[in-house]
Amino acid sequence: RTEAYLDAMLGARGLFYASNSVTRGEWGNYVEGLEPSSHFEGLQALSYAEYVTPERREAFARRAREEGLPELRPDLDPGGERGAYFPVTYVGPLSEANKNMLNYDLYADPAHRAAMDRARDTGEPRATKMVYVLTETPPNSSADLALETGFVVYLPVYKEGELQGTVAERRRALQGFIVGSFLSDELLD
């Protein structure tokens, strides 16, 4: 079962390697084609987190505004910069909880950053420890969204044609991450 989930993530990475520029529509079609609600129980979201350098942060924010997407979150401390940003740029299925993840920079959270760094450096999928995953609320709840325990798996996507034999080469070649967000209770049922 674990292999099937990783195969879905590897397929999503293959989408980036097969296309010059993956669109939101292509991403949505890929995730919809997986039929996550019936074939991947416990998979809350399949996402792509784009690598944005500090030099490209303003251009990224401008593009997000032009597309009517949320600002890059979390906000910077006044006058602060981070060394790298990995906002979720594509997500599916497009539930209300998953839409709230758009342009959220998971790298700002130490638990996510550790898993992302390990995935980037090894070239292999790596998971967080138990974290909270944003999800829909149960029926008859007055809240809009809920947090449930789960974990997140990161699979690095490297720029095509770039060397990846060493940690330094993988760091230079990193393009982003395929992100699988899993709900523990549903996954283990």
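Residues numbered from 1 in each chain as written. Predicted model: local features only at pLDDT ≥ 70, side-chain atom pairs only at ≥ 80, totals over all residues. Heavy atoms only, no water.

**Here's the deal with helix α4 (residues 57–66)**
Every buried residue of α4 is accounted for by R57, F60, A61 and A64. For α4, the arc enclosing every buried residue in end-on projection is 100°, short of the 170-degree limit, so these residues lie on one face. Tucked inside the fold, the buried residues of α4 contact β1 (43–50) and β2 (88–92). Two residues or fewer past α4, G68 is found with a positive phi of approximately 70°. (Buried < 20%, exposed > 50% of the residue type's maximum accessible area, 1.4 Å probe, protein only. Helix = DSSP H or I, 4+ residues; strand = E, 2+ residues; numbered from the N terminus. Arc of directions from axis to C-beta. Contact = heavy atoms within 4.5 Å.)

**A look at the packing of aromatic side chains**
Enumeration over the complete set of coordinates arrives at 13 aromatic pairs. Both rings, one in Y5 and one in F40, keep their centres 5.2 Å apart while their planes meet at 80°; by these two values the pair is edge-to-face. Of this pair, Y5 sits in helix α1 (residues 2–18) while F40 sits in the loop between α3 (36–39) and β1; the two residues are 35 residues apart in sequence, bridging distant segments of the chain. For the pair formed by Y5 and F40, the shared burial category is buried. Measuring from centroid to centroid gives 5.1 Å for Y51 and F86, while their planes differ by 15°, and the two rings are stacked. (Phe/Tyr/Trp six-rings, centres within 6.5 Å; stacked < 30°, edge-to-face > 60°.)

**Let's talk about the environment of E50**
Summarising the element assignment, E50 is placed in strand β1. Separated by 35 residues in sequence, E50 and Y85 place their C-alpha atoms 7.8 Å apart. With residues up to four places along the chain from it excluded, the contact list for E50 reads R56, F60, R63, Y85, F86, P87, T89, Q175 and G176.

**Overview of the pairing of strand β5 (residues 145–158)**
Relative to β5, strand β3 (residues 126–127) runs antiparallel, the two sharing two bridges. Bridging from a neighbouring strand, R126 pairs with Y154 of β5. With six bridges connecting them, strand β4 (residues 131–136) and β5 associate as antiparallel partners. Looking at β5, one finds that E136 is bridged to L145. Here β5 runs beside strand β6 (residues 174–183); their pairing, made up of nine bridges, is antiparallel. Bridge pairing in β6 places Y154 opposite V179. (Pairing = 2+ DSSP bridges.)

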